[in-house]
Amino acid sequence: MSTEHTYFTVSINPHESNSELSVLFSGEGKPIALHNTGPGVHDYYLVHTVHSGNGTFEMHNRTYHCSAGDTFIIYPGELFRYTADAENPWHYSWVAFTGHAAGMMLSQIGASPQNAVISGSVPRSMRHYYRRIRSSFQQSMYPALEDIEAAGWLRLLLRELGRAGAHQAKAKPATETEIQRQVSQAVRYLELQYTQVVSIEQLARTLGYHRTYLCKMFKQATGLAPMQYLFKIRMERAKQLLETSMTIDQVASSVGFNDALYFSKQFHKWSGSAPSVYRKELTGKGG
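Note that this is a predicted model, so its numbers are computed, not measured.

Q: Residues and numbers for the overall build of the chain, please.
A: Of the regular secondary structure elements, the chain holds 10 helices and 10 strands. Its C-alpha atoms give the chain a radius of gyration of 27 Å, clearly above 19 Å, the size a compact globule of 287 residues would have. Within the chain, the fraction of its 287 residues that count as buried is 41%. Counting contacts in the chain only where the partners sit at least 6 residues apart, residues at least 24 apart contribute 71% of the total. Surface exposure of the chain reaches about 15,900 Å², of which carbon and sulfur atoms provide 52%. Taking the average place of the 28 positive charges on the side chains of the chain and the average place of its 23 negative ones, the gap between the two points comes to 11 Å.

Here's what the structure looks like:
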């Protein structure tokens, strides 16, 4: 145990990885009063979550006063310093990591060098994720698998931080950019689920929007109602599949139609030709 901590433990990742997200080490400790780290810089990301007590964190010309539920994030190359409180020193967990996707993931949860503290997390659940990261490193015969496991728990920890930041943010009217993002979510859902039975109610419920609001903003952005857009996706995909050796039944099933006859009628209505005729026309053009 460190003489500067009343409690201290750390686990090291034995596997060197160049993946998009890789944990270097993770630990937990309770420093003594006024224990100070820095000023200094790291060449990796280092995240601390406070479970209890208080302390201060300084980075990017800002000073943050942190307590239970706060998480402070040290960025590579940024000068930092943090100090335990004189009366009630903090107890925290930390995780260090690298990876070409690390900065993007932190940005997605609302963190940046200019805004390096996220508040509102639940200390108990956060401590659980840190423990699982540390327990990933059991010095087994498969260190590469331990690296993958630790990165998975780190993703869940970052998700929890993202939720905390979202709950803390005040609700604001949707901007044009936010509406575009919401429509993009709906479009992405339809592009991935067009082979399944899809309803407006299901789409709205899955994305968390009111049915009427979803239809209105979707049509404003695309010019089509969601089900019209879904129909377009299915028909365009059907055209591609009709260029293969698949049967009409197989094509129908592959684009979300259980009834091949109904599919043929809908395809004819959309393209002006029945699927079999469309396929013959393609063959004729090819010859």
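Q: Tell me about the layout of surface pockets, and please be specific about residues and values.
A: Considered as a void within the structure, the largest pocket measures approximately 160 Å³ in volume. Taken together, 13 residues form the lining of the largest pocket, with Phe8, His48, Tyr82, Tyr92 and Trp94 sitting closest to its centre. Elements represented by at least two residues in the lining of the largest pocket include exactly strand S1 (5–12), strand S4 (45–52) and strand S9 (91–98). For the lining of the largest pocket, a count of residues per class yields 8 nonpolar, 5 polar and no charged.

Q: Go over the side chain of Thr71, please, and point to the residues and values.
A: Counting through the fold element by element, Thr71 comes out in strand S7 (residues 71–74). Looking at Thr71, the relative accessible area reads 0%, which means it is buried. Within the structure, the side chain of Thr71 is placed 2.8 Å from the side chain of Thr49, a separation counted as a polar contact. Non-local contacts of Thr71, meaning those with residues more than four positions away in its chain, are made with Val47, His48, Thr49, Ala116, Val117, Ile118, Ser121, Met126 and Leu161.

Q: Give a detailed account of the side chain of Ser264, specifying residues and quantitative values.
A: By the secondary structure assignment, Ser264 is in helix H9 (residues 260–271). Classification of Ser264 as buried rests on a relative accessible area of 18%. Dropping the residues within four chain positions of it, Ser264 is found in contact with Ile248 and Pro275.

Q: Break down unusual backbone geometry for me, with residues and values.
A: Of the consecutive residues Gly38 and Pro39, the connecting peptide bond is found in the cis state with omega at 5°. Relative to the elements of secondary structure, Pro39 occurs in strand S3 (residues 36–40). Residue His60 is not a glycine yet carries a positive backbone phi of 55°.

Q: Provide a residue-level description of the sheet that holds strand S8 (residues 80–84), including the pertinent values.
A: With antiparallel pairing, the 4 strands of this open sheet are ordered in space as S3-S8-S5-S6. In this open sheet, the two strands that pair with only one neighbour each are S3 and strand S6 (62–67). Neighbour-to-neighbour, the strand axes of this sheet turn through a mean angle of 15°, independent of strand direction. Two elements, strand S5 (residues 54–59) and S8, share 5 bridges in a ladder whose sense is antiparallel.

Q: Just give me the short version of the pairing of S7, but keep the residues and values in it.
A: Because side chains alternate across S7, one face comprises the buried residues Thr71 and Ile73, and the other comprises Phe72 and Ile74, equally buried. Across 4 bridges, the pairing between S4 and S7 is antiparallel. Looking at the pairing, Leu46 lines up with Ile74 of S7. Note that S7 and strand S10 (residues 117–118) share 2 bridges and pair antiparallel. Residue pairing across strands places Thr71 opposite Ile118, the latter belonging to S10.

Q: Kindly report on a nonpolar patch on the surface, identifying the contributing residues and their values.
A: Together, Met141, Tyr142, Leu145 and Ile148 give the surface a local cluster of nonpolar side chains, amounting to about 520 Å² of exposed area. Examined against the element boundaries, Ile148 turns out to sit in helix H3 (residues 143–168).

Definitions and limits used
- Residues numbered from 1 in each chain as written.
- Predicted model: local features only at pLDDT ≥ 70, side-chain atom pairs only at ≥ 80, totals over all residues.
- Heavy atoms only, no water.
- Helix = DSSP H or I, 4+ residues; strand = E, 2+ residues; numbered from the N terminus.
- Rg over C-alpha atoms; globule rule 2.2 N^0.38 Å.
- Buried < 20%, exposed > 50% of the residue type's maximum accessible area, 1.4 Å probe, protein only.
- Contact = heavy atoms within 4.5 Å.
- Areas by Shrake-Rupley, 256 points an atom, 1.4 Å probe, with all protein chains shown as cover.
- Lys, Arg positive; Asp, Glu negative; His and termini not counted.
- Charge placed at Lys NZ, Arg CZ, Asp CG, Glu CD.
- 1 Å grid on protein atoms, 1.4 Å probe; cavity = no way out; pocket = protein on both sides within 12 Å on 5 of 7 lines; lining within 4 Å.
- Points joined across faces, edges and corners; volume = space filled by probe spheres on them.
- Nonpolar A, V, L, I, M, F, W, Y, C, P; charged D, E, K, R; others polar.
- Polar contact = N/O pair within 3.5 Å; in protein donor to acceptor, adjacent residues only side chain to side chain.
- Pairing = 2+ DSSP bridges.
- Axes fitted to C-alpha atoms, helices over the stretch in contact; angles between N-to-C directions.
- Patch = residues over 30% accessible without salt bridge, like charges linked within 9 Å, V, L, I, M, F, W, Y side chains within 5 Å.
- Salt bridge = Lys/Arg side-chain N within 4 Å of Asp/Glu carboxyl O.

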